[in-house]
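Okay, here's what each chain looks like letter by letter:
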2 protein chains.
Amino acid sequence: MKSELDFVNYLKKIKTFNKNIIEGIGDDCAIVKFSSRKKYVITSDTSLLGPHFSKDYTPEEIGHKSLATNLSDIASMGCVPLYALYDITIPRISESWIKRFFDGTRKLLNQHKVSIIGGDTTKGPMSISITLIGVQNNKILTRSGAKTGHDIFVTGNIGNARAALILDKKTKGYKYFRKSLVMPLPRVAVGLELSEFASSCIDISDGLAKDLKSIAISSKKGFQVDVDSIPTDPKFDIYVKGNLKEQCILGGGEDYELCFTANKKYIRKINNISNKYNIKITRIGAIKSTGYRYSLNNKQYNPKVTGYDHFKGK
Amino acid sequence: MKSELDFVNYLKKIKTFNKNIIEGIGDDCAIVKFSSRKKYVITSDTSLLGPHFSKDYTPEEIGHKSLATNLSDIASMGCVPLYALYDITIPRISESWIKRFFDGTRKLLNQHKVSIIGGDTTKGPMSISITLIGVQNNKILTRSGAKTGHDIFVTGNIGNARAALILDKKTKGYKYFRKSLVMPLPRVAVGLELSEFASSCIDISDGLAKDLKSIAISSKKGFQVDVDSIPTDPKFDIYVKGNLKEQCILGGGEDYELCFTANKKYIRKINNISNKYNIKITRIGAIKSTGYRYSLNNKQYNPKVTGYDHFKGK
C-alpha cells in the first residue's frame, strides 16, 4: 500500500451491501439512489493545517477553502450541492475564530444554497472534515465516460495555486497568486451546464497530469496533451521561472478548475458556457485509445512530475 | 460561546435552504427527505487520540470504536444504517495499521450491513471522522417526543466506560471495565424495535445526566430519576469507590447505551425486547412537566456532575 490509489483499491475490496450504491469509492463522489427518481452524490474530505492550509490563512479563508474544495467535487460530478456536515477540530475554542470561520464558509453556502445539517466539534489539532450531499440535475459526470477522439478541456487558468505554494511569500508573485490558492472558486455552475453533454469530468485537485490520468484510467483510454496549449495566467511567465513552470502546470494541484472531455460536436455549447460565465474554457488535447502522451514545441515530451498524493503527503 | 450547546445554537441560526430538511442541527442525526417515501438520517462525528481513544488502543479497537459511536447515533434515532464515509488522518502511513483498523471496523460493518461509499485519507495528527447515512424503518426517534408521565428507561449497565477511564490502568477494575470503554456495542437492533413505540430516545455518549437533560430540553419537559434504580454492572460497587460512583453513573459518557421514554402501556413490549436481545432494560424514572429532579435513598438529591462537553474537552 504505497499510494492513495493502493488504498482506494484496498477499500474497494471491502464488501458492500446495497444495490442502491451506483458508484462507491473511487470517483470524486459516491453515487447513491435514495428514491426511484433522482440519484445523489456524496463526498467527504479533510483539510489540515500543513497540506491544505498554512498559518497565514485567516479563519475566513479556512472557512472558504475547506468548503470550496468539497464543492469542487460536486461540481466535477455536474451536480447541485444541497447539504453539508462539518466535523471541526480546533486546538482552542475561540468564539471569534469560529464566527470568522463561518463568515468565510457562509458566503459560499449562501451562493450555492447549501444547508448545514450536522457535524461535530472537538478540541485537538486543527482539522476540518466536510461531507457534502448533492443531487443530479442532468447526467451525473464521472471520470469514466471519455471516448477515443473526444477533446479534452480545462476551465480557467492552470498552475496558479501551485505557483503561490512554491514562490517565496515575500515576492510579488506570491502576493499575486495567493488568492488562487487560498480562495478557489468551485465551478459548480459550469459543472451543471457540462452535465448535459460532457463525457467525463474531474476537478484539478492533485495536478492536471494526475487528474487527467485518472480520467484515462477510469475510461480505459489514453490521451495526447499539448503542453503549450494549457492556459496560464497572463503573469504566470513573469513570476514563475524555468522548470518550476511544469511543476505548476502539470504537477500542481489545488486549482479546483474542471478538466472534462466532450465530443467535438459540442464546441459551440462549450463556447456559450464560457461566454455566459465569463470563464475561459480551453482545449488542451484529445482522448486516444492508449498511452499518456504530451507534446511541447511540437515534439513529444515526457513530464517529470507525478502530481500530489495525499497519502504520501507530496 | 462557552459550550457545545452555545455552538449548536450558533450553527442553528445559519440559514438553510431546503424544505426537505426535516431536522437540521441539534439531535443525534439530521433528518432529510430524499424521496417521497422514506426519510433518511445523517450523522458525522470525529474521534481523536485523547478525548476518544488513548495510545493503548489497538488499531482494531480504534476501527471498532470510531464506527460504533457513529452507529450509536443511528441506533438512537431507531433507524437502519446504510452507508459510511471515512475521513482518516494518520501520522504515518502503515499498511499493517490500516488493515488492522479496517479489520476492526469491518466486523461492525458486516454485522450491520453498512457499506463504505467514500471518504478521504490524509497524513497528520490522528483523527477519524465518520459520516453515516441511515434510513427509517418505523418512526424516527428524536429527543423531542417525551410526554409528562412517560417512563424513562436505559438499556444495559451505566457507568462502565467512565469507570475504565478513571480507574488506574494497573488495577483489576480497569481490566474488567476496559472492554465497555473500548468496544462499545451500538444498540441498533434495540433502537429499531423501540422505533415502533418509544416517545423519545438518545444514546448515552456524554453522560446520563446531560443526555437525559437533552431529552427534557428538546421535549420541553422535566424529569424525576431515582439514582438507586440506575443499573450498574455486578462488579461496579466492588471496583468503583465513593464519590467516583456518581461521576461514572451520571457524569460519565461513552456507555453508548440508549436512554428512551415510553408510555406505560408499552411495558410488555419493552420486556419482550429485553428478552429477545438478552439486554437489560431498566426503568429509572419518569418524565415530569418541569424540573430536573433526582432522588437517592428516597431523598431528593442534587448531583454534582454535569456530563462531558466535547467543546470544553471535559
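Right above here is the structure, for reference.
Residues numbered from 1 in each chain as written. Chains lettered and ligands numbered in written order. Predicted model: local features only at pLDDT ≥ 70, side-chain atom pairs only at ≥ 80, totals over all residues. Heavy atoms only, no water.

In this structure, what is going on with the nonpolar core? I would like to understand it.
The nonpolar side chains of a soluble globular protein tend to be buried with one another. Counting 83 residues, the largest nonpolar core has Tyr86, Phe102, Leu194, Ile230, Cys259 and Phe260 of chain B as its most contacted members. Leaving out residues up to four positions away in the same chain, leucine 194 of chain B has contacts with Leu141, Leu258, Phe260 and Ile273 of chain B. Formed by 82 residues, the second largest nonpolar core is a distinct cluster that contains Phe153, Tyr174 and Leu181 of chain A together with Tyr10 of chain B. (Core = buried A, V, L, I, M, F, W, Y, C linked by side-chain atoms within 4.5 Å. Buried < 20%, exposed > 50% of the residue type's maximum accessible area, 1.4 Å probe, protein only. Contact = heavy atoms within 4.5 Å.)

Explanation requested: the relation of the copies chain A and chain B in the structure shown.
Taken together, a rotation about one axis and a shift along it account for how the two chain copies relate. Expressed as a screw operation, the relation of chain A to chain B combines 0.0 Å of axial shift with a rotation of 180°, fitting to an RMSD of 0.0 Å. Taken together, the turn and the small shift mark the pair as related by a two-fold rotation axis. In terms of C-alpha distance to the rotation axis, chain A has serine 35 of chain A as its closest residue, with the C-alpha 2.5 Å off the axis. Take the interface residues of chain A: 100% of them recur as interface residues in chain B, which is what a same-surface contact looks like. (Least-squares fit on C-alpha atoms with pLDDT ≥ 70 in both.)

What am I meant to see in the pattern of salt bridges here?
Two side chains of opposite charge can pair, provided their charged atoms sit close to one another. Enumeration over the complete set of coordinates arrives at 28 salt bridges over all chains. Between glutamate 61 of chain B and arginine 178 of chain B there is a salt bridge, with the nearest N and O atoms lying 2.8 Å from each other. Here the residue glutamate 61 of chain B occupies a position in helix α2 (residues 59–76), and arginine 178 of chain B occupies one in helix α5 (residues 172–182), the gap between them amounting to 117 residues. By relative accessible area, arginine 178 of chain B is classed as buried at 18%. Between arginine 106 of chain B and aspartate 103 of chain B there is a salt bridge, with its nearest N and O atoms 2.5 Å apart. Taken together, the residues span about one helical turn, with arginine 106 of chain B and aspartate 103 of chain B both in helix α3 (residues 95–112) at a distance of three residues. Overall, the relative accessible area of 23% leaves arginine 106 of chain B in the partly exposed class. Aspartate 103 of chain B sits in the partly exposed class, given a relative accessible area of 35%. Salt bridges sharing common partners tie together Asp56, Glu61, Lys169 and Arg178 of chain A. (Salt bridge = Lys/Arg side-chain N within 4 Å of Asp/Glu carboxyl O. Helix = DSSP H or I, 4+ residues; strand = E, 2+ residues; numbered from the N terminus.)

Help me understand the packing of helix α2 (residues 59–76) of chain A against helix α5 (residues 172–182) of chain A in this model?
The geometry of a pair of packed helices is captured by two quantities: the angle between their axes and the separation between those axes. All names here are of chain A. Running from N to C, α2 and α5 point in directions that differ by 55°, and their axes come no closer than 9 Å. Comparing their axes, α5 and α2 come out oblique. Listed contacts from α5 to Glu61, His64 and Lys65 of α2 are Arg178, Leu181 and Val182. Here the contact of α2 with α5 is composed, by residue class, of two nonpolar, one polar and three charged. (Axes fitted to C-alpha atoms, helices over the stretch in contact; angles between N-to-C directions. Parallel < 35°, antiparallel > 145°, perpendicular 65-115°, else oblique. Nonpolar A, V, L, I, M, F, W, Y, C, P; charged D, E, K, R; others polar.)

I tried to follow the sheet that holds strand β5 (residues 115–123) of chain B on my own but got confused; where do I start?
Pairing between the strands of a sheet comes from backbone hydrogen bonds, and it takes one of two forms, parallel or antiparallel. Residue and element names in this part refer to chain B. With respect to topology, six strands assemble into an open sheet ordered β1-β2-β3-β6-β4-β5, the strand pairing being mixed. Here the strands that pair on one side only, and so sit at the sheet edges, are β1 (21–23) and β5. Direction aside, the axes of adjacent strands within the sheet are offset by 20° on average. Alignment of strand β2 (residues 30–33) against strand β3 (residues 39–48), held across four bridges, turns out to be antiparallel. Looking at the pairing, alanine 30 lines up with isoleucine 42 of β3. Those strands touched by α2 are β3, β4 (79–90) and β6 (127–136), and its axis lies near 35° from that of β6. Relative to β4, α3 is tilted by about 170°, and along the sheet it contacts β4, β5 and β6. (Pairing = 2+ DSSP bridges.)

Quick question: what am I supposed to make of the environment of alanine 146 of chain A here?
Residue and element names in this part refer to chain A. Inspection of the secondary structure puts alanine 146 in the loop between β6 (127–136) and β7 (151–155). Sequence spacing of alanine 146 and alanine 209 is 63 residues, and the spatial spacing of their C-alpha atoms is 16 Å. When residues no more than four places from it in sequence are discounted, the contact partners of alanine 146 are Ser199, Ser200, Ile215, Ser219, Lys221, Thr261 and Ile287.

In this structure, what is going on with the environment of arginine 162 of chain A? I would like to understand it.
Mapped onto the secondary structure, arginine 162 of chain A falls in helix α4 (residues 160–166). For arginine 162 of chain A, the contacting residues outside a window of four places in its chain are Gln247, Cys248, Gly251, Gly252 and Gly253 of chain A.

I'm lost on the side chain of aspartate 120 of chain B in this one. Help?
Within the secondary structure, aspartate 120 of chain B sits in strand β5. Of the side chains bearing the opposite charge, lysine 210 of chain A lies closest to the buried aspartate 120 of chain B, which forms no salt bridge; the N-O distance is 9.7 Å. (Lys, Arg positive; Asp, Glu negative; His and termini not counted.)

Can you help me understand the interface of chain A and chain B in this one?
Frequently, the measure chosen for interface size is the accessible area removed from exposure when the parts meet. Contacts between the two partners involve 63 residues from chain A, matched on the other side by 63 residues from chain B. For the pair chain A and chain B, the summed buried surface comes to about 5,600 Å²; carbon and sulfur atoms form 65% of the total. Linking chain A to chain B there are zero salt bridges. Joining chain A to chain B, the criterion identifies seven residue pairs in polar contact (both at pLDDT 80 or more). (Buried area = accessible area lost by both parts, 1.4 Å probe. Polar contact = N/O pair within 3.5 Å; in protein donor to acceptor, adjacent residues only side chain to side chain.)

Explanation requested: α2 of chain B in the structure shown.
Because the α-helix completes a turn every 3.6 residues, residues three or four places apart line up on one side. Spanning 18 residues, α2 of chain B covers 26 Å between terminal C-alpha atoms, matching the ideal 26 Å at 1.5 Å per step. Most of α2 of chain B is tucked away: 17 of the 18 residues are buried. (Expected span 1.5 Å × (residues − 1).)

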